[in-house]
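These are the residues of each chain, in order.
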Amino acid sequence: MAANKNATASNSGFNQCQHIFTKTVSNGGMILGFILAFILSNVVHHSLKPLSQPRLTSDIAIGLFLGNIPYIRDSFHEKWVVTLTNIAEFGMMCYMFVLGIEMDPYVLLKPPTRDAIVAYAGMLSTFTLACSITPFLYFSEKPNIGFTFTLSFTLSGSGSHILTRIITNLKIGKSDIGKLVINAGVHSDMISMLFLSVGYIFVAKENNDDVNARTKQMVKMTSALVIQTVFTAKISPIFMNWVNNENPEGRPMKGPHLVLSVAFMVLVCSCSPWFKYSPILSAFMAGIFLPSEGRVSKWAVGKINYLLTILYYPIFFFWVGYLADFRKFEGGNWLTWARFFVLLLITMGGKIVGTLICGVMLGFHWKESVELGLLLTPKAHFHIFMAILGIIVSLFENKSTSITTCIEIIIVFFLTVVHAPSVVKQIIKRARKRAPTRRMTLQWLDPTNELRILLCIQGPQNVSSTINFMEISRGAAEPGMLVYVSDIIELTDQIAATVVHDKGVDSIIVTDKEVTKTRDEITNTFQAYVDENGNGITLRRTLALSSLNSMAQDICVLAEDLMISLIILPFHKTQHPDGTLDGGHPGFRYVNRKVLRNAPCSVGILVDRGFGMIGKISRSQICLSVAVIFIGGRDDREALAYASRVARHPGVKLTVIRFLLDTNPENASRIAAGFRINIAEQELEMKLDDECFAEFYERQVAGGHVAYMEKHLANSAETYSTLRSLEGQYALIIVGLGGRVNSVLTVGMNDWQQCPELGPVGDVLSGPNFSVRTSVLIIQQHNQKGELDGLDDDFSVM
């Protein structure tokens, strides 16, 4: 008896351990699936960035892959699947709510615009094709008008936010075709969702057999939906405006108002679901009639989108992959592949046919019409969710055919997204061929166009030198010069707390008293100069407020938007009263170096060593001696082009100093033995240098406006000695940064550079051993090869 009891206890303990082990292994597979979903979705998304694929592409691929791994599938119990389904449905409610907020239903009451006509044409043709073909291919085992209409409306819609993300990331959102595609996509998405929301009342299966009960249910859902819509459209603007007025921009939102806002949103979303209406579609109908403007709506959209991207999408697509069981996919049936290709043809061909017909009426070229159709095909998360609902229904009814159909639909939707970036790149490629090549440099500036300069200043210490630079650069009154003076201010925590966003995405106001006071003083000083001496100068004020890491990018974007030809940056070191330079600000040095690498135009760095203390530069008599050093290369050619403007100033005495290589036999043999020179490349550069200098000489030197000196040198040591001999002779020396082809006259000078961003010559002239009374302007020409690297945001191809 005792032995039996011990054996029973032993077996019981073994079974319990085995149960715990099995449960642990099972939970381990489930946890592994979730962890891999979060990690792989991000890894694959970043690896696909060079292909410009949206996150939806990687999420679908990873979800289908992980959801069909046997070890992970077997780890899920039925209760976990139910929990996962509830999470997916709740997240889809949030997704649909945000989607609705970003749409404006009142545009339907206005006369149809061009983008609306394109959307309607694509939807109508796709819907007609789907309704005509799908009933004959047995997408459902029994003829079902509700299924046919639902599938047709789903196929004719567009994933507007996916489409917008692709267009925006590839930077064609401001072009004519970009605007048209985005607006047409939103129209198409909104119309299809509205039809699905209304159609749900008629296709829902509650009390399907009892006609009276079914009619009562339809009346209840219709009444609830109408009441919810009217309440949201009439009451929510009043409530939202009150909350927005109580919480102005720039201040933290009050806790009670935040709670009330969330409660109000939940209330308007949950009205119709009390009467058996779909909570997901109810969230969309509530969101679409909520005001999209205002602080509350923007806060809700931002927070929900962040949570959806970080948490929900990996879980959602893992759920999609789990339910899309490829073991039940009837791949051996020819009808499966026939249905697949027909679905793909309807989805893409329907849109193309509609936009081609519409394009004929609107006067579009056939290529643009086809591209419009292809760009309106991408589907988004809700369309995939609809396919999964079909799988859930099929599981309850044990229909493998419907499961196969739903998997086909998911794969088709995946393919509609993959091709979109390629279509956009084709649009960009064609636009580049049509766009004129515009070189944002001084050398290639059209004389009939005004010069656009962006002057960056770190503070009041740069104002005097910047004004003197404007004075000597002004040129003739016609066509004149457009100057943008930009404060570059580091965004600290203290300043960030005082930033207020004004109208427009990129418009900000800084309310910090010290910053405001300094900017006002700088503005007044510049305006006083322009009012007194600014004939031909148009002054504009801008602000580059950001962290030091992103400040260079902001400056480059600003220069590109304003079509600037020359950016002038202050040197990161400041001169002491005794003439020496301090250690400088390493952050601003980093900004200067990054701007030099990425600028969309030419760049100059001004080393102020007394240039700002000259005072008012006379226009009646010579009071400023300036030299430009020309060795060769594109940067020196750009410096010479700038010097041509300086030479026109009556108060400037300009001297051009050309450094030439001494070509006697002894030096030639020594040079050939010591340096590797690309002869063909050097000859081409020398030809360009000679042509550029000959034109300058004919216009400026031959007419007696500019003095000319030649220095015949053998090596970089003689170059250094010659530069030192210029000490104290000039108030400003203009040099090129570099860009020389194996110039023997500067080889080796890089070895002792303190500031490589100034180039070998600029570094010597601004070094501590040079004159404390000579300022230096170092210029780098914008290097642009072949076709345009980019396009204007508002380019046109239609």
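Residues numbered from 1 in each chain as written. Predicted model: local features only at pLDDT ≥ 70, side-chain atom pairs only at ≥ 80, totals over all residues. Heavy atoms only, no water.

J.: How should I be thinking about the overall build of the protein chain in this particular structure?
T.: Within the protein chain one finds 27 helices and twelve strands. The buried share among the 798 residues of the protein chain stands at 50%. In the form shown here, the protein chain has an accessible surface area of approximately 38200 Å², with 59% of it arising from carbon and sulfur atoms. (Helix = DSSP H or I, 4+ residues; strand = E, 2+ residues; numbered from the N terminus. Buried < 20%, exposed > 50% of the residue type's maximum accessible area, 1.4 Å probe, protein only. Areas by Shrake-Rupley, 256 points an atom, 1.4 Å probe, with all protein chains shown as cover.)

J.: What is the right way to look at the packing of aromatic side chains in this model?
T.: Here the distance between the centres and the angle between the planes together describe a pair of aromatic rings. One pass over the full model with this rule turns up 24 aromatic pairs. Relative to Phe153, the ring of Phe127 lies with its centre 4.6 Å away and its plane at 35 degrees, an arrangement referred to as tilted. Residue Phe127 is found in helix α5 (residues 114–133), and its partner Phe153 is found in helix α6 (residues 145–156); the two are separated by 26 residues along the sequence. The ring of Phe693 carries the charged tip of Arg658 above its face, separated from the ring centre by 4.6 Å. (Phe/Tyr/Trp six-rings, centres within 6.5 Å; stacked < 30°, edge-to-face > 60°. Lys NZ or Arg CZ within 6 Å of the ring centre and 35° of its normal.)

J.: I would appreciate a short explanation of the pairing of strand β9 (residues 652–661) in the present structure.
T.: Consecutive side chains along a regular strand alternate between the two faces of the sheet. β9 sits mainly inside the fold: seven of its ten residues count as buried. Note that strand β8 (residues 624–630) and β9 share seven bridges and pair parallel. Its bridge partner lying in β9, Leu624 is registered against Val652. Taken together, β8, helix α23 (residues 634–646) and β9 form a β-α-β motif whose crossover is right-handed. (Pairing = 2+ DSSP bridges. Right-handed = clockwise from strand over helix to strand, strands pointing away.)

J.: How should I be thinking about the pairing of β8 in this particular structure?
T.: Most of β8 sits inside the fold, with six of its seven residues counted as buried. The sheet contact formed by β8 and strand β11 (residues 732–736) spans three bridges and is parallel. Looking at β11, one finds that Ala627 is bridged to Ile733.

J.: Could you clarify how one ought to interpret the pattern of salt bridges in this entry?
T.: Any two side chains of opposite charge can pair, given that their charged atoms come close. Enumeration over the complete set of coordinates arrives at 16 salt bridges. Each of Asp487, Arg519 and Arg541 takes part in one network of salt bridges that share partners. (Salt bridge = Lys/Arg side-chain N within 4 Å of Asp/Glu carboxyl O.)

J.: Just checking my understanding: could you explain the environment of Leu170 for this structure?
T.: Within the secondary structure, Leu170 sits in the loop between α7 (160–169) and α8 (176–203). C-alpha separation for the pair Leu170 and Ser52, spaced 118 residues apart in sequence, amounts to 7.5 Å. Those residues within four positions of Leu170 in sequence are excluded, and the remaining contacts are Ser52, Pro421, Val424, Lys425 and Ile428. (Contact = heavy atoms within 4.5 Å.)

J.: Honestly, the sheet that holds strand β10 (residues 706–713) in this entry has me stumped. Any pointers?
T.: Each strand in a sheet pairs with another by means of backbone hydrogen bonds, the pair being arranged parallel or else antiparallel. The strand order across the open sheet built from ten strands is β5-β2-β1-β6-β7-β12-β11-β8-β9-β10, with neighbouring strands paired in mixed fashion. The strands lining the two open edges of the sheet, one partner per strand, are β5 (537–546) and β10. Recorded for the sheet is a direction-independent mean angle of 20 degrees between the axes of neighbouring strands. Sitting on the sheet, helix α18 (residues 463–473) touches β1 (451–457), β2 (481–490), β5, β6 (566–570), β7 (602–607), β8, β9, β11 and β12 (775–780), and the angle it makes with β1 is about 165 degrees. (Axes fitted to C-alpha atoms, helices over the stretch in contact; angles between N-to-C directions.)

J.: Even after reading the chapter, I still don't get the environment of Gln753, so can you show me in this structure?
T.: Considering the arrangement of structural elements, one finds Gln753 in the loop between β11 and α27 (759–765). Under the relative-accessibility criterion, Gln753 is labelled buried at 18%. Remark: the alpha-carbon pair of Gln753 and Asp763, spanning ten residues in sequence, is separated by 6.2 Å.

J.: Quick question: what am I supposed to make of a nonpolar patch on the surface here?
T.: Taken together, the side chains of Phe231, Ile235, Ile238, Leu267, Trp274 and Phe275 present a nonpolar region at the surface, about 600 Å² in accessible area. Among the elements that make up the nonpolar patch, the one with the highest residue count is helix α9 (residues 211–246) (three residues). Mapped onto the secondary structure, Leu267 falls in helix α10 (residues 255–269). When its relative accessible area of 38% is taken as the criterion, Leu267 is described as partly exposed. (Patch = residues over 30% accessible without salt bridge, like charges linked within 9 Å, V, L, I, M, F, W, Y side chains within 5 Å.)

J.: Hey, could you run me through the confidence of the model for the protein chain in this one?
T.: Low pLDDT marks stretches whose predicted atomic positions should not be read closely. Taken over all residues, the pLDDT of the protein chain has a mean of 82, while the share at 70 or more is 86%. Segment residues 1–26 is flagged for pLDDT under 50; beyond a separation of four residues in sequence, or across chains, it makes four contacts in the model. The low-confidence segment residues 785–790, where pLDDT is below 50, has eleven contacts with residues more than four positions distant or belonging to other chains. (pLDDT = per-residue confidence, 0-100.)

J.: Hey, could you run me through the packing of α18 against helix α20 (residues 513–533) in this one?
T.: A pair of packed helices is captured by two measures, namely the crossing angle of their axes and the spacing between those axes. Relative orientation of the contacting elements α18 and α20 amounts to 25 degrees, with a least axis distance of 11 Å. Judged by the angle between their axes, α18 and α20 are roughly parallel. Judged by the twist between their axes, the crossing of α18 over α20 is right-handed. Contact residues: Val463, Thr466, Ile467, Met470 and Glu471 in α18; Ile522, Thr525, Phe526, Tyr529, Val530 and Asn533 in α20. Partitioning the contact of α18 with α20 into residue classes produces seven nonpolar, three polar and one charged. (Parallel < 35°, antiparallel > 145°, perpendicular 65-115°, else oblique. Left-handed = near helix turned anticlockwise from the far one by under 90°. Nonpolar A, V, L, I, M, F, W, Y, C, P; charged D, E, K, R; others polar.)

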